[in-house]
Amino acid sequence: MPNFLSGLSIKLMATIIVVILTVEVVIFLPSMANFRASWLEDRLRVGVVAARVLDAVPDVMALPSALTDRLLISAGADAIVYRREGQSQLIERDGTKPPENVVAADMRRRDFATLMTGAINTLLSDGSRTLRIVGDGDMSDSLVELLMPERPLRRDLLDYSRNFFIISFIIAAITAVVLYGVVSVLFIAPIRRVTQNLIGFRQAPENATLIISPSTRRDEIGIAERELAAMETDLFSMLRQRRHLADLGLAVAKINHDLRNTLTSAQLLSDQVATLDDPKVQRLAPRLVTTLDKAIGFAQSVLDYGRESAMPPNPTPTNLGTLLDDAAFDASLVGHPTISFTNQTPAALVLNIDADQFGRIFTNLFKNAREALEASAGKTASPAVMAEVRPDDSGLFITITDNGPGLPPRARDNLFVAFEGSARSGGTGLGLAIARELTEAHGGTLNLVEQVQGTRFEIFLPASLKLP
Ligand SMILES: Nc1ncnc2c1ncn2[C@@H]1O[C@H](COP(=O)(O)OP(=O)(O)OP(=O)(O)O)[C@@H](O)[C@H]1O
Ligand SMILES: [Mg+2]
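Since this is a predicted model, take the numbers as computed values, not measurements.

Rules used throughout
- Residues numbered from 1 in each chain as written.
- Chains lettered and ligands numbered in written order.
- Predicted model: local features only at pLDDT ≥ 70, side-chain atom pairs only at ≥ 80, totals over all residues.
- Heavy atoms only, no water.
- 1 Å grid on protein atoms, 1.4 Å probe; cavity = no way out; pocket = protein on both sides within 12 Å on 5 of 7 lines; lining within 4 Å.
- Points joined across faces, edges and corners; volume = space filled by probe spheres on them.
- Helix = DSSP H or I, 4+ residues; strand = E, 2+ residues; numbered from the N terminus.
- Nonpolar A, V, L, I, M, F, W, Y, C, P; charged D, E, K, R; others polar.
- Domains from an automatic or database assignment.
- Pairing = 2+ DSSP bridges.
- Axes fitted to C-alpha atoms, helices over the stretch in contact; angles between N-to-C directions.
- Contact = heavy atoms within 4.5 Å.
- Parallel < 35°, antiparallel > 145°, perpendicular 65-115°, else oblique.
- Left-handed = near helix turned anticlockwise from the far one by under 90°.
- Phe/Tyr/Trp six-rings, centres within 6.5 Å; stacked < 30°, edge-to-face > 60°.
- Buried < 20%, exposed > 50% of the residue type's maximum accessible area, 1.4 Å probe, protein only.
- Lys NZ or Arg CZ within 6 Å of the ring centre and 35° of its normal.

## Quick look at the layout of surface pockets
Over the atoms, a rolling probe the size of a water molecule traces out where space has been left empty.
Next up, step 1: Here the largest pocket is characterised by a volume of approximately 1100 Å³.
Next up, step 2: Lining the largest pocket we find 47 residues, and of these N368, E371, R424, G427 and G431 sit closest to its centre.
Next up, step 3: Of all the secondary structure elements, the ones that give two or more residues to the lining of the largest pocket are α6 (279–308), α8 (355–375), β10 (395–402), α10 (431–441) and β12 (455–462).
Next up, step 4: The biggest single contributor to the lining of the largest pocket is α8, with 9 residues.
Next up, step 5: For the lining of the largest pocket, the class distribution of residues is 20 nonpolar, 17 polar and 10 charged.
Next up, step 6: Both of domain 2 (239–308) and domain 3 (316–465) provide at least three residues apiece to the lining of the largest pocket.
Next up, step 7: Its volume calculated, the second largest pocket comes out at about 390 Å³.
Next up, step 8: Along the wall of the second largest pocket there are 15 residues; nearest its centre are L245, G249, L250, Y305 and G306.
Next up, step 9: Mapped by element, the contributors of at least two residues to the lining of the second largest pocket are α5 (220–273) and α6.
Next up, step 10: If one sorts the elements of the lining of the second largest pocket by residue count, α5 sits on top with 8 residues.

Below, the structure written as structure tokens:
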């Protein structure tokens, strides 16, 4: 199992924190601009109240400076200018020097871009500038201006940003911890349980106590658990069945081996018996010999089947035409007194296949065709077997066709099933099963193609097996 640093949990925590902080940063700029706007708005409002007082006084200059100073201090300003109908009134604190570095904040323009750039500008300044806040008065056509140092605004903005980030981080951390707890219980723990079970079961699939007991959840994790339990149960019984079959197979192979040896001794005896002059013996002996031959053949092919099944193909460049000719010869088709054999494979066709295994596939198919044609001797006019090759974009089709009686229904049902497909006396029912198994081991397929007359088997091989 992965440790804490490489597991899902740490990835989840890190993702939550990164996502929340990213969101906070995206929210930060607008909210800072907003903060600055309302800060300026507050100052301006005091300025407007002060301006209203000024408006009511006939001569501003005559006001005592103690009063105007108090007004200015409560607005936090150095000077207030009030303009209306082309006239302007000014009050300023005693002893203020004329401002030098003035930056304007015009509150009549409150579009987003202006507010944002204004906020950034204040943050990046050194705080030594003088701020001129301009806004509408409460009368029509009136204008109020406040002059004040920028420093308090900048200080408040910095405080605001710091608090914003501290709170953001606290929120991110709390959210991460809470989400982590919830997600751990709801998802990560069940996933770890499934993962642990997978690891454990793979190491000992024959141990039924390791099969996961699924929860009653109805979500994807619940489905995964139930499917896993079903799969493990299947695998467990399959493995057990496999082991039993393998044990049985071994026993059968041993019995079969002894049986074949016993039969071979019986065959030697029957050969000797056949030399006796007794007419009754002479009549029965040949039948005894063929029966024993069949029994030995059967025992031998069962032994071969057990031995062959485990070998993976060993591909070498093989000329397909020659291989088909050799197989036809082995199946006694070449030089057959009644059956004609034609091989229409292009001479230069070379495939990267296991020549022994494909030889066996073709021999089986040719032997079946010959046996079917011989069994129906006299009923088929000019019996013939033909091998053809048809290339295609996806691969190569090799067809073996005969014009014999076609497949008997009994054979059709279990064709390609070992020991079950045979519909002729003396047949083991292994030929087609072996042929299909060997073709599939090469990545190909072997199928029966329906015919009106005769039988056709088609082997498909992927294009990758073809050599240039
Ligand atoms: N070309 C064919 N024409 C007619 N019947 C066929 C043909 N090929 C196969 N069959 C039928 O299919 C059955 C199964 O064939 P398969 O080669 O698997 O077994 P088998 O020939 O009976 O035994 P084995 O090949 O193991 O000696 C045969 O018994 C036969 O009845
Ligand atoms: Mg056969």
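## Let's talk about the sheet that holds strand β3 (residues 102–106)
Next up, step 1: Spatially, 5 strands are ordered β2-β1-β5-β4-β3 in an open sheet, and the strand pairing comes out mixed. Single-partner strands in this sheet number two, and they are β2 (87–92) and β3. Pairs of neighbouring strands in the sheet enclose a mean axial angle of 15 degrees, with direction left out of account.
Next up, step 2: Where strand β4 (residues 130–136) meets strand β5 (residues 142–149), 7 bridges bridge the pair, whose relative direction is antiparallel. Bridged to G135 within β5 is V144.
Next up, step 3: Against the sheet, helix α1 (residues 8–56) makes contact with β1 (79–84), β2, β3, β4 and β5, and its axis sits at roughly 120 degrees relative to β5, the strand it touches most.

## Quick word on the packing of α1 against helix α4 (residues 151–203)
Next up, step 1: Contact geometry for α1 and α4: axes closest at 8 Å, N-to-C directions at 155 degrees. Taken together, the axes of α1 and α4 lie roughly antiparallel to each other. Where α1 crosses over α4, the two elements pack in a sense that is right-handed.
Next up, step 2: Here the contact of α1 with α4 is composed, by residue class, of 29 nonpolar, 5 polar and 3 charged.

## Regarding the packing of aromatic side chains
Next up, step 1: Applying the stated criterion across every chain, the model contains 9 aromatic pairs.
Next up, step 2: Note on F35 and Y160: the rings are 4.5 Å apart at their centroids and 15 degrees apart in plane angle, and the pair reads as stacked. Of this pair, F35 sits in helix α1 while Y160 is found in helix α4, placing the two residues 125 residues apart along the sequence.
Next up, step 3: For Y160, a relative accessible area of 22% puts it in the partly exposed group.
Next up, step 4: Its end group placed over the ring of W39, R43 keeps NZ or CZ at 3.9 Å from the ring centre.

## Here we look at the domain arrangement of the chain
Next up, step 1: By domain assignment, the chain separates into domain 1 (8–174), domain 2 (239–308) and domain 3 (316–465).
Next up, step 2: Computed over C-alpha atoms only, the centres of domain 1 and domain 2 are separated by 108 Å.

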